Amino acid sequence: MLALVAVLLCAPPVGQLLELREGTLTYIVVHKLHEVRGTTRQVEGRALAQPDGTVRVQVRAKVASFDSGNSNRDEHPPWRAWSPLAPVAEVRGTLSGVNLPLRQGQEATMHATVELNGEKQAQDVAVKLEPADAGVRATFSFPISLDAFKVERPELLLIKVEDRATISGDLRFEATK
């Protein structure tokens, strides 16, 4: 009996492991005078597609890797104060009803936990999935509240950016060999 337990604990996960091969994550914040968009290509991630159609996903990026096109803003963003303590933004979640390989595009909802600034929030994320080479392309967009993540909203001319920020992604996962 003890040998069976040891084998089960050491067994690899059942299903197909996919690695994030390329992609972008983007944030958008809005100020009354303009919109700020920051993007990173320095994204890490994995997905485990299980035979029952459940897919567990984890995607993360270093907060300091986002580029807004304005070097001064990127040198002094509001998250610099906390990035040494919580340098990574992360989304972990589960999708259901996704069987690989995808034969056609489909939409699914990921029941996720978003971590930013050391704070975690539950979030349902609509994800569009498309077949792509040896894997899957996933695109998504969802709103967050900066206040809920305890992010100090930056100001311009004494007016803070809106509380709502939008996070979007375009990611390509491929099966590991």
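Structure report, in brief. Quick caveat, the model's predicted, so the values are computed rather than measured.

Parameters and conventions
- Residues numbered from 1 in each chain as written.
- Predicted model: local features only at pLDDT ≥ 70, side-chain atom pairs only at ≥ 80, totals over all residues.
- Heavy atoms only, no water.
- Phe/Tyr/Trp six-rings, centres within 6.5 Å; stacked < 30°, edge-to-face > 60°.
- Helix = DSSP H or I, 4+ residues; strand = E, 2+ residues; numbered from the N terminus.
- Buried < 20%, exposed > 50% of the residue type's maximum accessible area, 1.4 Å probe, protein only.
- 1 Å grid on protein atoms, 1.4 Å probe; cavity = no way out; pocket = protein on both sides within 12 Å on 5 of 7 lines; lining within 4 Å.
- Points joined across faces, edges and corners; volume = space filled by probe spheres on them.
- Nonpolar A, V, L, I, M, F, W, Y, C, P; charged D, E, K, R; others polar.
- Patch = residues over 30% accessible without salt bridge, like charges linked within 9 Å, V, L, I, M, F, W, Y side chains within 5 Å.
- Areas by Shrake-Rupley, 256 points an atom, 1.4 Å probe, with all protein chains shown as cover.
- Salt bridge = Lys/Arg side-chain N within 4 Å of Asp/Glu carboxyl O.
- Pairing = 2+ DSSP bridges.

## Looking at the packing of aromatic side chains
Part 1 of the reasoning: Counted according to the given criterion, the structure contains 2 aromatic pairs.
Part 2 of the reasoning: Ring geometry for Y27 and F66: centres 5.7 Å apart, planes at 55°, overall tilted. Note that Y27 is positioned in strand β1 (residues 16-31) and F66 in the loop between β4 (55-62) and α2 (71-75), a separation of 39 residues in sequence.
Part 3 of the reasoning: Classification of Y27 as buried rests on a relative accessible area of 10%.
Part 4 of the reasoning: Relative accessible area serves as the criterion here: at 14%, F66 is assigned to the buried category.
Part 5 of the reasoning: Between the aromatic rings of F140 and F142, the centroid separation amounts to 6.2 Å while the plane-to-plane angle is 25°, which identifies the pairing as stacked.

## Description of the layout of surface pockets
Part 1 of the reasoning: The calculated volume of the second largest pocket comes to roughly 180 Å³.
Part 2 of the reasoning: Secondary-structure elements contributing two or more residues to the lining of the second largest pocket are β3 (43-49), β4 and β5 (88-95).
Part 3 of the reasoning: Split by residue class, the lining of the second largest pocket holds 5 nonpolar, 2 polar and 3 charged.

## As for a nonpolar patch on the surface
Part 1 of the reasoning: Together, L33, L156 and L157 make up a nonpolar patch on the protein surface, roughly 310 Å² of accessible area in all.
Part 2 of the reasoning: As for its position among the elements, L33 is in the loop between β1 and β2 (34-40).
Part 3 of the reasoning: Take L33: its relative accessible area is 54%, and that puts it in the exposed class.

## So, the pairing of strand β11 (residues 164-175)
Part 1 of the reasoning: Judged from the 11 bridges that link them, β1 and β11 form a sheet pairing that is antiparallel. By the bridge assignment for β11, V29 is matched with A165.
Part 2 of the reasoning: Summarising the sheet, strand β8 (residues 135-145) and β11 pair through 11 bridges and their orientation is antiparallel. The partner of A138 across the bridge, within β11, is L171.

All we've got here are geometric facts, nothing functional implied.
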